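# A structural walkthrough
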Amino acid sequence: MAKIGLLTTYNQDWAVTRYVDRFLRNFGSEQVVVLAESVSEQRRVRVDGPAVKRCWKRTSTNYAELQSTIEAAGIDILHVNCVFPFFDTPEFSNLIEVLRGKGIGIVAHVLDTNALGEMQSFLRNQSDAIFLDNHRAVHAAVAADIQRQKLFVVPSAITAKSSKTKEAERRSLGISSEAKVAVCFDFGLPESKIEDIIAAVYQLQAGFPNLHLYVLQVDAGTGFDGGYVEQLERKVASLHLDNYIHFVEDSAGDSALSRYTAAADVAILSTSRPQYEVREALGVILETSVPLVAVGQLPFSGVESLALQ
């Protein structure tokens, strides 16, 4: 059986941790080596498992350790998670050519359609196969001049359910059993449109005086939001909704979104941005079986029937 090297960020904030964990559950640690970014233990969400080998850095174009790890592990297929353009360098292109010369197959999984432009040369010229999770992304790839015969649709899977009841999660989070609870998430970007949800809560207060909104601020305070979080907090204060709208600092690598969603009566997806972080959050929401309301067009195809739009 072929051995797979999964080149990806993992077990840290802004990492596709859920995706990799599902990958490992389906293939097992003996068949998969996770070629993860070298980060300090302080930046890791939990202790790495035996399948994880940390052997590259996003700030370096020296891939000697990555190459030696791939060769020592006997990798047959290199599976590259195309999320950020970490590998859009001539040095990485040279490494791929060396690996191809050794008979190693190259598979790319496009988790963020921005990669279609940023890693176009790698996808077009050096990948043997490219995985996408919906047909809308296929059209975007063809428009980026990537060969159609390389493209394969592998739909995103929802396989788990919340193990706790709504009542149990509310008790553990300190949320009143009498409250009407909505939950949404924010990655510090205006595309989240959280201000529109805040305005809706204000309008609904007369008819639903016990309505509470929990906003999961994923990786709040990282400095990438341009003051968006502070704008939201000022808006809440100006509407005197401090007791009804709750901002919860969260972590992309170890998110509490599943707990708050399981405790909620409804989850709200307001962003139209097709970034991989939104995909991860959407997967969490769907796994809890809580009703999902989408404000505007869903950023991913294939899940339209699962949301009230």
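Calculation criteria
- Residues numbered from 1 in each chain as written.
- Predicted model: local features only at pLDDT ≥ 70, side-chain atom pairs only at ≥ 80, totals over all residues.
- Heavy atoms only, no water.
- Helix = DSSP H or I, 4+ residues; strand = E, 2+ residues; numbered from the N terminus.
- Buried < 20%, exposed > 50% of the residue type's maximum accessible area, 1.4 Å probe, protein only.
- Contact = heavy atoms within 4.5 Å.
- Areas by Shrake-Rupley, 256 points an atom, 1.4 Å probe, with all protein chains shown as cover.
- Arc of directions from axis to C-beta.
- Core = buried A, V, L, I, M, F, W, Y, C linked by side-chain atoms within 4.5 Å.
- Phe/Tyr/Trp six-rings, centres within 6.5 Å; stacked < 30°, edge-to-face > 60°.
- Salt bridge = Lys/Arg side-chain N within 4 Å of Asp/Glu carboxyl O.

### Quick notes on the overall build of the protein chain
Of regular secondary structure, the protein chain possesses 11 helices and 12 strands. Split into buried and exposed, the 309 residues of the protein chain put 49% on the buried side. Looking at the protein chain alone, contacts between residues at least 24 apart form 70% of all its contacts between residues at least 6 apart. Working note: accessible area of the protein chain is about 14600 Å², and carbon and sulfur atoms make up 52% of it.

### Let's talk about helix 2 (residues 64-73)
Of the positions making up helix 2, those classed as buried are Leu 66, Thr 69 and Ile 70. Buried positions in helix 2, seen along its axis, are confined to an arc of 100° and lie on one side of it. Buried positions along helix 2 lie against strand 1 (4-8), strand 2 (32-37), strand 3 (52-56), strand 4 (77-82) and helix 3 (90-101). Positive phi appears at Gly 74, one or two residues downstream of helix 2, with a value of about 70°.

### Comments concerning the nonpolar core
In this structure, Leu 7, Leu 66, Leu 78, Phe 87, Phe 122 and Leu 123 are the most contacted members of the largest nonpolar core, which totals 35 residues. Of all hydrophobic cores here, the second largest spans 24 residues; its members include Ala 267, Leu 269, Leu 282 and Val 284.

### Details of the packing of aromatic side chains
The full count for this structure, using the stated rule, is 9 aromatic pairs. Each ring, one from Phe 86 and one from Phe 87, has its centre 6.3 Å from the other, and the planes form 90°; the classification is edge-to-face. Residue class for Phe 86 comes out buried when judged on its relative accessible area of 17%. Given a relative accessible area of 4%, Phe 87 falls into the buried group. One aromatic cluster is present, formed by Trp 56, Tyr 63, Phe 86, Phe 87, Phe 92 and Phe 122 through successive ring pairs.

### What about the pattern of salt bridges?
Counted by the stated rule, this structure contains 11 salt bridges. With a shortest N-O distance of 3.7 Å, Glu 71 and Lys 102 are connected by a salt bridge. Within this pair, whereas Glu 71 is found in helix 2, its partner Lys 102 is found in the loop between helix 3 and strand 5 (105-110), the two being separated by 31 residues in sequence. With a closest N to O distance of 2.9 Å, Asp 265 and Arg 170 form a salt bridge. Taken as a pair, Asp 265 in the loop between helix 10 (257-262) and strand 11 (266-269) and Arg 170 in helix 7 (residues 166-173) lie far apart in primary sequence, 95 residues in all. For Asp 265, a relative accessible area of 28% gives the class partly exposed. Residue class for Arg 170 comes out buried when judged on its relative accessible area of 4%. Via salt bridges that share partners, Arg 44, Asp 48 and Arg 54 belong to a single interconnected network.

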